[in-house]
Amino acid sequence: ANLALTGPGTHLIILVAARGNIGAITISGVTVEGVSATSQVSLGTGLNRAEVFSIESTVATPDIVVTTSETATSLEIGVIAVTGLNSITASATATSSADPASLNVDVQGGGIVVATGIAQGIPTMAWTGVTEFYDLTRESLVEYTGGYDLTTIAETPRTVSGNWSSGSNFAACSAAFR
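Not measured: the values here are computed from a predicted model. (Residues numbered from 1 in each chain as written. Predicted model: local features only at pLDDT ≥ 70, side-chain atom pairs only at ≥ 80, totals over all residues. Heavy atoms only, no water.)

Engineer: Is there a simple way to explain the sheet that holds strand β17 (residues 168-177) in this structure?
Structural biologist: Strand pairing in a sheet is mediated by backbone hydrogen bonds. Such pairs are either parallel or antiparallel. Overall, antiparallel pairing links the five strands, which are arranged β8-β17-β11-β14-β13 in an open sheet. Two strands close off the open sheet at either side, each with one partner strand: β8 (92-96) and β13 (131-138). Across this sheet, the average inter-strand angle for adjacent strands is 10°, counted without regard to direction. (Pairing = 2+ DSSP bridges. Helix = DSSP H or I, 4+ residues; strand = E, 2+ residues; numbered from the N terminus. Axes fitted to C-alpha atoms, helices over the stretch in contact; angles between N-to-C directions.)

Right, here's the structure in full:
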């Protein structure tokens, strides 16, 4: 798999983490250039939600719209473009509201594993099994983080975990694609 946003067969994997304003937030949908992406895995805890979406798109700089069930206090997305996958449907998924987050998934060689998480407070996340590609704090109350790894060999399972340094209302999920 190549990380590039060109050519036919480009798959977008969209990591979404959101914090609700008054209650449990849900992601009503994600569209890319007006086409609905498919939710692969989701977990909500308290006001927080982590979710992974996927879609095929060849638009070089696509418009991505996230719709939520209520006004989000904050929302972050991470977009990974991958070519050479057989399917935009995840072959395995996992969720965790624990600390540490155990997100082990079976992976196939030539694919990708992704993970995303959100927590209340100002913790940091130390990932194992994926390489962090974003980590940020918003409004001094929420930590967003995500990572991925290209898989060269099959692993059953690939150990994917995240240790939060502090915080509460942990929501994390992972997905493997081939």
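After presenting the structure, the write-up continues.
Engineer: Sorry, what's going on with the pattern of salt bridges here?
Structural biologist: A side chain of one charge can pair with a side chain of the opposite charge when the charged atoms of the two come close. Taken as a whole, this structure holds three salt bridges when the rule is applied. The closest approach of N and O atoms between R158 and D149, which form a salt bridge, is 3.0 Å. Taking the relative accessible area as the measure of exposure, D149 reaches 23% and is therefore partly exposed. Within this structure, D149, E155 and R158 form a network of salt bridges that share partners. (Salt bridge = Lys/Arg side-chain N within 4 Å of Asp/Glu carboxyl O. Buried < 20%, exposed > 50% of the residue type's maximum accessible area, 1.4 Å probe, protein only.)

Engineer: It is not clear to me how the environment of S97 should be interpreted in this structure. Could you clarify?
Structural biologist: Mapped onto the elements, S97 comes out in the loop between β8 and β9 (101-102). Of the residues examined, S97 reaches a relative accessible area of 46% and is grouped as partly exposed. Taking the C-alpha atoms as reference, S97 lies 13 Å from L47; in sequence the two are 50 residues apart. Residues in contact with S97, not counting those within four places in the same chain, are L43, T45 and F170. (Contact = heavy atoms within 4.5 Å.)

Engineer: Just checking my understanding: could you explain the environment of E143 for this structure?
Structural biologist: For E143, the position within the fold is in strand β14 (residues 142-151). With 77 residues separating them along the chain, E143 and V66 place their C-alpha atoms 19 Å apart. At 2.6 Å, the side chain of E143 and the side chain of T137 are in polar contact. (Polar contact = N/O pair within 3.5 Å; in protein donor to acceptor, adjacent residues only side chain to side chain.)

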